[in-house]
Each structure stands twice: as C-alpha cells, then as structure tokens.
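Here is how the chains run, residue by residue.
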Amino acid sequence: MNLLLARILFVVGSMIIGFQTLAPKGASGFGILFGILAALIMIFLEIGLRKVSVSGLSSAVFGLILGLIMAKLVGDAFSLAQLEADTLSTIRVTLTLIFCYLGMVMALRGKDEFNIIIPYVRLRRQDQPEDINLLDTSVIIDGRIVDICKTKFLGGKIIIPRFVLKELQQIADSTDAIKRQRGRRGLEMLHTVQKEPGVDISIHEEDFPEIAEVDAKLVKLAKLLNAKILTVDFNLNRVAAIQGIKVLNINELANAIKPVVFPGEEMKIKLIKEGKEHNQAVGYLDDGTMVVVEDARRFIGQEVKVAVTSVLQTQAGRMIFTKLEK
C-alpha cells in the first residue's frame, strides 16, 4: 500500500472516531477537528522515527518482553508473602518498571548475546556494527567475486537481495542471446559462491514494490541494513556514494593492485590494433591494461620492445604510453 494512502486513511479514521466520540455531547465539529489534529501529530511523530533502526527497535522490544517476564516471576514470589493488596500492587508496578528498563538496556548494550527470529535482523553490540555486503547484478555477472571470496579478502556477511536475483533471472530468460548468456553466467557464478566454504551468504526478501529501479532499491536496502554495496557499475557507485553509502568497486580494486610501472621502464608488448592517433598501435598487458605505442603502426601483429614514457590513470582504468626501443 502506498504510504500517502495509508496516512490519508489514518486521518479519515481519526476524524470518524473523533466525530463518534464527541457527537453525543453536541460537539461533533470539535470532535472532527480533534481527530484531524491527533492524526497529524501521530504522522509527524512517525516521520520523526525514520532514523530509528529496525535492529535497535527489535532489540528494545526483546528486552521489554524479557523485563515483563522477570517482573511477573518476581512479583509472584512476593505474592506468597502475607502482604496487603495495596502494598503488593505497588511492588508489582515498581518491579515491572525496573525490570523493563534493565531488560531494554541490556538488550541494546549486548546485542551480540541475543538473537530474535526476525529475518535478517541480528542483535549485536552498538560498538561492533555487523559487516554486510550487498551484491548487485553487475558484480555477479562479472564473476570476479568468486575469486575474491576464495582469497578471503571480503569479510562479513554477503546478502543478495531478492530483486537482484529476479533481475538476474530475467536476463537469463531474455530472447537476446548475449543477454541470456550473461544472465546464465551470473547464475552460475552465484551458485559457485554459495558452495564456497566459509562464505556467509543469504537471500534478502525485502522488495520495495513502490520503487521501480533495481539500483534505487539496492541503495535503500543498503541504508536500512547499514551495508556496503559491492559493484562494478560506475553509475551506481556515484549515486550510492552521494547518498553516503560505502561502495566496494571491484574495478577500483583491480586498478589499485596492478603492477606499478615508471617512465623509462622497458617491456615487451604484442601490438593488436591501431590507436586513435596517427601512426599509433595498441597492445594489452596480461591484466588488461592498455599500452599505447607511438610510431608503431607498421608493427601491428608483432611483439616489440618498448620504453614507458608516461602513465595515465582514468576512470575506466590505466593507460600506459610508450615509444619503440631503438
């Protein structure tokens, strides 16, 4: 249900209740106004509670229930004594207040000692935030996530949203042969990651039907879970970073661990094709880095010895400019 529609229905219901409550007293108009005012106050309170985390709320409820149970048990013990009804009632109220407060505080401070049966909500300590990584469609299809998981560099829990899995399935069922191949590769990579020992991976069922775009859903889920997004999508990287969400971009990681080269360093490179500028030729290192060689067009298809003149780091990756070694 749309959030605006729910609020409108709540206001209308409050108006009806206010009217029915004060109509017998001849103040039906005041009852309607009172209902509207009460509804608006509740809506403003609800808007102010947006920053309250589901994890914190669930742990507080758990502590409250635990406090009520303890207060009931201790109160029943006091009832065995020959006490007056008023005294016993005061003791019960006091115990309820004390144990509810202590239960909530203990649950909030020691979340890692408690677990409740709520999907994907884990109680943990305030000073030890859970490390959660959300996978998007592009990083699953890319496939390098498998090798990263095998090396144990990626810590914490890996979560795959249900809407990402659905998009991957749609790509795998596409009529376009290339898309279908990419989708099936993604499903295969996902199956490989799930079989990797020591990897904590799960499916998240939250869908956000009011949001159409998968990237927007992913950003919202990352906010709710206080999670990082693992991707190779440059646009998603920018959008998530603007909204204060941590992003792990595999392309940036690959660029960061590429071998360092310096001007004057010599290397051998096989020239594959022509460059953009006149008389240039282009080759590639084993890690995919583009090497541009000046005045080497006539050597395309051959392996030549070159010397590095400069290195250019771009958003798409790194480019090495060289010249033929005489």
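Model, not experiment: these values are computed from the prediction.

Reading the values: rules and limits
- Residues numbered from 1 in each chain as written.
- Predicted model: local features only at pLDDT ≥ 70, side-chain atom pairs only at ≥ 80, totals over all residues.
- Heavy atoms only, no water.
- Helix = DSSP H or I, 4+ residues; strand = E, 2+ residues; numbered from the N terminus.
- Buried < 20%, exposed > 50% of the residue type's maximum accessible area, 1.4 Å probe, protein only.
- Contact = heavy atoms within 4.5 Å.
- Areas by Shrake-Rupley, 256 points an atom, 1.4 Å probe, with all protein chains shown as cover.
- Axes fitted to C-alpha atoms, helices over the stretch in contact; angles between N-to-C directions.
- Parallel < 35°, antiparallel > 145°, perpendicular 65-115°, else oblique.
- Left-handed = near helix turned anticlockwise from the far one by under 90°.
- Nonpolar A, V, L, I, M, F, W, Y, C, P; charged D, E, K, R; others polar.
- Core = buried A, V, L, I, M, F, W, Y, C linked by side-chain atoms within 4.5 Å.
- pLDDT = per-residue confidence, 0-100.
- Pairing = 2+ DSSP bridges.
- Polar contact = N/O pair within 3.5 Å; in protein donor to acceptor, adjacent residues only side chain to side chain.

**Quick word on the overall build of the protein**
- Broken down by element type, the protein carries 11 helices and 10 strands.
- A total of 326 residues make up the protein; the buried ones form 35% of that total.
- Considering only intrachain contacts with a sequence separation of at least 6, the fraction spanning at least 24 residues in the protein is 55%.
- Looking at the protein as shown, the accessible area adds up to about 20,700 Å², and 61% of this sits on carbon and sulfur atoms.

**What about the packing of helix H7 (residues 162-172) against helix H8 (residues 177-195)?**
- Put simply, H7 and H8 touch, their axes get as near as 6 Å, and they point 135° apart. Taken together, H7 and H8 sit at an angle that is classed as oblique. Seen along the crossing, H7 lies across H8 with a hand that is left-handed. Contacts from Leu 165, Leu 168, Gln 169, Ile 171 and Ala 172 of H7 reach H8 at Lys 179, Arg 180, Gly 183, Arg 184, Gly 186, Leu 187 and Leu 190.
- Of the residues contributing to the contact of H7 with H8, the split by class is six nonpolar, three polar and three charged.

**Quick word on the environment of Leu 83**
- Tracing the backbone through its elements, the reader meets Leu 83 in the loop between helix H3 (54-79) and helix H4 (85-109).
- Excluding anything up to four places from it in sequence, Leu 83 contacts Phe 78 and Ile 91.

**A closer look at the nonpolar core**
- Grouped together as the largest cluster of nonpolar side chains are 41 residues, with contacts concentrated most on Leu 134, Leu 135, Ile 140, Ile 145, Ile 160 and Ile 229.
- Sequence-distant contacts of Ile 140, that is, excluding residues within four places in its chain, are made with Leu 135, Ile 160, Val 164, Leu 168, Gly 186, Met 189 and Leu 190.
- Counting residues in each nonpolar core, the second largest holds 12 residues, with Val 291, Val 293, Ala 296 and Val 306 among its members.

**Some points on the confidence of the model for the protein**
- Across the protein, the average pLDDT comes to 81, with 87% of residues at or above 70.
- Confidence drops under pLDDT 50 across residues 112-128; counting only partners more than four residues distant or on other chains, this segment forms 43 contacts.

**So, the pairing of strand E1 (residues 132-135)**
- What you see with E1 is no split at all: Ile 132 and Leu 134 on one side and Asn 133 and Leu 135 on the other are buried throughout.
- Pairing of E1 with strand E2 (residues 157-161), which is carried by three bridges, proceeds in the parallel orientation. Bridge pairing in E2 links Leu 134 to Ile 159.
- The sheet contact formed by E1 and strand E4 (residues 228-231) spans three bridges and is parallel. Paired with Leu 134 across the bridge in E4 is Ile 229.

**What about the side chain of Lys 228?**
- Take Lys 228: it is sitting in strand E4.
- Within the structure, the side chain of Lys 228 is placed 2.3 Å from the side chain of Asp 131, a separation counted as a polar contact.
- Not counting chain neighbours up to four residues away, the residues in contact with Lys 228 comprise Asp 131, Ile 132, Asn 133, Leu 134, Lys 246 and Leu 248.

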